[in-house]
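Survey of secondary and tertiary structure
Here is what each chain is made of, one letter per residue.
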Amino acid sequence: MTQENRPILVTGGAGFIGSNFVLDWFALEPSPVINLDKLTYAGNPLTLSSLEGNPGYTFVHGDICDGDLVANLLTKYRPRAIVHFAAESHVDRSILGPEAFLKTNIDGTFTLLRAAQAYYQTLEGVEKEGFRFHHVSTDEVFGTLKPEDPAFHEETPYAPNSPYAASKAASDHLVRAWHHTYGLPTLMTNCSNNYGPYHFPEKLIPLMITHALEGKPLPVYGDGLQVRDWLYVKDHCSAIRTVLAKGTVGETYNVGGCNQRTNLEVVNLLCELLDELVPESKFRPHKQLIQFVTDRPGHDRRYAIDARKIERELGWKPAESFDTGLRKTVKWYLSNTAWVEGVTSGAYKQWIEKNYGSRKAEQ
Ligand code: NAD
Ligand code: DAU
């Protein structure tokens with residue numbers, strides 16, 4: 001078997017970015033995928049139902065904190081790479097319940113690193129030379145920017161502000177240490193806010209689309225002038241494939257869309273798109289649904305990514321603009337109502353009540 005045809009082990013492949021990555025991987029790459037996912041509230045096997053019966057696809061329902069399971073999978077499938085997406089990923093949930101974040105994001109990454117290192121020691125020749133541990137991380141580890149600050153670059157000091165960001169920062173440091181101390185061939189990407197198909201409707205963009213379609217209030221935190229740097233999810237996936245194929249071992253690469261928008265701008269754009277694409281809606285103009293609510297505690301004011309390193313060294317650039325990506329995204333949600341209904345049942349409703357119930361409407 002050639003190196004390219006050997007499998008990769010993906011963690012968290014039933015979540016938003018992981019599932020987009022797995023689906024794109026099967027469209028573009030020759031090698032099999034083993035997908036290890038715990039199927040938390042954020043993991044949805046239905047997203048990958050088109051891969052059922054595909055001999056190259058293996059789904060394993062399990063926890064990255066289970067060291068024996070991870071070690072057995074590595075011994076059994078002998079992957080050429082681990083692409084590590086699995087995480088608790090929602091900032092608001094980390095504020096109301098940080099425990100799971102420390103467990104999965106820190107302990108889970110530690111467990112994977114230890115198992116990967118033991119497995120790496122058993123490899124020889126091209127198998128050893130080619131092995132990579134790719135850690136998928138976030139720009140939130142860098143903290144928050146003032147309006148005049150330059151964008152985050154790879155040397156920006158870490159200053160995480162939420163329990164989520166702190167747990168991701170800890171995992172990044174572990175990855176760095178496993179490379180530096182034990183020589184594990186690691187790669188790391190720190191990406192800005194993603195949006196696109198299969199995004200769980202607890203996050204800003206899918207929450208606003210699904211609420212607007214039902215005529216529910218669109219809850220904008222604080223003054224809505226916080227800035228995020230948005231990237232279409234398939235561009236994030238192409239960046240990960242590029243770094244996996246060509247990245248320098250031990251390096252980190254910042255990934256972003258060079259597309260800074262205030263939250264209010266994003267919500268207004270979504271409302272305009274829905275006015276256009278759902279002309280029969282009785283909630284038009286959808287902007288009337290916008291409601292300012294109590295801010296997120298510790299809310300980071302601005303994120304922005306300087307992605308010049310990955311462009312200069314590896315030739316990666318996003319393919320999608322915000323206008324084209326957002327239009328595709330809204331159309332996707334309009335044509336995939338069954339997927340949305342599947343993920344917005346009982347537990348989701350409880351989350352909405354828990355997170356928004358006590359927020360006051362503000363002027
Ligand atoms: P997500 O919450 O949509 O999906 C996470 C997936 O991990 C789910 O399928 C879940 O079941 C699985 N999982 C959680 N705990 C697990 C465990 N203990 N063992 C095995 N599987 C487990 O997250 P996402 O938005 O797809 O993010 C994926 C990764 O990308 C995360 O590491 C996140 O920090 C990072 N990231 C996300 C963004 C973004 O905008 N969403 C941006 C940059 C980086
Ligand atoms: O920057 C990368 C990060 O982007 C990822 O690491 C995280 O996993 C991902 O969840 C995302 O974090 P954010 O906190 O930026 O995303 P979220 O969609 O939760 O919020 C985006 C902005 O919108 C943020 O400023 C908070 C605001 N917001 C969010 C929600 C859910 C609102 O105003 N109202 C809302 O109801």
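1. Re the sheet that holds strand β8 (residues 218-221)
Pairing is mixed in the open sheet, where three strands are placed in the order β8-β13-β14. For this open sheet the edge positions go to β8 and β14 (361-362), each flanked by a neighbour on one side alone. Bridge count for strand β13 (residues 290-293) against β14 is two bridges, and the pairing is antiparallel. Residue pairing for β14: Phe292 is matched across the bridge by Glu362.

2. Some points on the confidence of the model for the chain
Where the model shows low pLDDT, its predicted coordinates should not be examined in detail. Mean pLDDT over the chain works out to 97, with 100% of the residues at or above the 70 mark. When the elements of the chain are averaged for pLDDT, β14 gives the smallest value, 83, and strand β5 (residues 132-138) the largest, 99.

3. Let's talk about the pattern of salt bridges
Tallying each qualifying case throughout the model produces 19 salt bridges. Ionic pairing is found between Lys38 and Asp63, a salt bridge with its closest N-O pair at 3.5 Å. One end of the pair, Lys38, is in the loop between β2 (33-37) and β3 (57-61); the other, Asp63, is in the loop between β3 and α2 (67-77), with 25 residues separating them in the sequence. Measuring nitrogen to oxygen at the nearest pair gives 3.9 Å for the salt bridge that ties Lys317 to Glu311. Under the relative-accessibility criterion, Glu311 is labelled partly exposed at 36%. Because the salt bridges share partners, they merge into one network encompassing Arg6, Arg78 and Glu127.

4. Some thoughts on the site of ligand 1
The local shell around ligand 1 holds 28 residues, among which Ile17, Asp37, Ser89, Tyr164 and Lys168 are the closest. Measuring from an oxygen atom of ligand 1, one finds a backbone N or O atom of Leu39 at 3.4 Å. Residue Thr40 places a main-chain N or O atom 3.0 Å away from an oxygen atom belonging to ligand 1. Protein contacts shield 97% of the accessible area of ligand 1, which totals 840 Å² for the unbound molecule. Mapped by element, the contributors of at least two residues to the shell around ligand 1 are α1 (16-28), β5 and α6 (163-182). It is β5 that contributes the most residues to the shell around ligand 1, three residues altogether.

5. Topic: the nonpolar core
Core analysis: the largest hydrophobic core is formed by 76 residues, its most contacted members being Phe21, Val83 and Ile310. Here the element with the most residues in this core is helix α9 (residues 263-277); it accounts for seven residues. Every residue in contact with Val83, bar those within four places of it in the chain, is listed here: Ile8, Leu9, Val10, Thr11, Phe21, His134, Val136, Ile240 and Leu244. Among the nonpolar cores identified, the runner-up in size contains 22 residues, and Val70, Leu112, Tyr119 and Phe131 belong to it.

6. With respect to the site of ligand 2
Around ligand 2, the surrounding shell holds 24 residues, and the nearest of these are Asp139, Tyr164, Arg296, His299 and Tyr356. Asn193 has a polar side-chain atom sitting 2.8 Å from an oxygen atom of ligand 2. Pro219 is positioned such that a nitrogen or oxygen atom in its backbone is 2.8 Å from a nitrogen atom of ligand 2. Where the shell around ligand 2 is concerned, the elements lending two or more residues are α7 (204-213) and β8. By residue number, the principal contributor to the shell around ligand 2 is β8, which donates three residues.

7. Here we look at the sheet that holds β3
In spatial order, the strands read β3-β2-β1-β4-β5-β6-β11; together these seven strands make up an open sheet with parallel pairing. Looking at which strands have only one partner, the edges of the open sheet turn out to be β3 and β11 (252-255). Going from strand to strand, the sheet's axes swing by 20 degrees on average, the running direction of each strand aside. Examined bridge by bridge, strand β1 (residues 8-11) and strand β4 (residues 81-84) share four bridges and lie parallel to one another. Bridged to Leu9 within β4 is Ile82. On the sheet, α2 packs against β1, β2, β3 and β4 and is oriented at approximately 175 degrees with respect to β2. Lying over the sheet, α6 contacts β5 and β6 (186-191), oriented at roughly 155 degrees with respect to β5.

About the cut-offs
- Every residue gets a number counted from 1 within its own chain, in the order that chain's sequence is written.
- The lettering of chains begins at A and the numbering of ligands begins at 1, in the order of writing.
- Per-residue local features are limited, in this predicted model, to residues with pLDDT of at least 70; the limit for side-chain atom pairs, both in listing and counting, is 80 or more; totals at the level of whole chains, interfaces and linings are taken over all residues.
- In computing side-chain values, all of the structure's heavy atoms are included and hydrogens and water are not.
- Whether two strands pair comes down to DSSP finding at least two bridges between them.
- A helix here means a DSSP run of H or I that spans at least four residues, while a strand means a run of E at least two residues long, and both kinds are numbered starting from the N terminus.
- pLDDT expresses, on a scale from 0 to 100, how confident the predictor is about each individual residue.
- One speaks of a salt bridge when a side-chain nitrogen belonging to Lys or Arg is within 4 Å of a carboxyl oxygen belonging to Asp or Glu.
- Relative accessibility under 20% of the residue-type maximum defines a buried residue, over 50% an exposed one, and the middle range a partly exposed one, all with a 1.4 Å probe and only protein chains included.
- A molecule or strand has a residue near it when one of that residue's heavy atoms lies within 4 Å.
- Under this definition, polar contacts are N or O atom pairs within 3.5 Å; protein pairs additionally need one hydrogen-donor-capable and one acceptor-capable atom, and for neighbouring residues in sequence, both atoms have to be side-chain atoms.
- Areas reported as accessible are Shrake-Rupley estimates using a 1.4 Å probe. Residue values count occlusion only from the protein chains shown.
- We define a nonpolar core as any set of buried Ala, Val, Leu, Ile, Met, Phe, Trp, Tyr and Cys residues linked to one another through side-chain atoms lying within 4.5 Å.
- Working rule for contacts: check all heavy atoms of both residues, and any pair within 4.5 Å makes them a contact.
- Only the contacting stretch of a helix is used when fitting its axis, a line to C-alpha atoms as for every element, and angles between N-to-C directions run 0 to 180 degrees.

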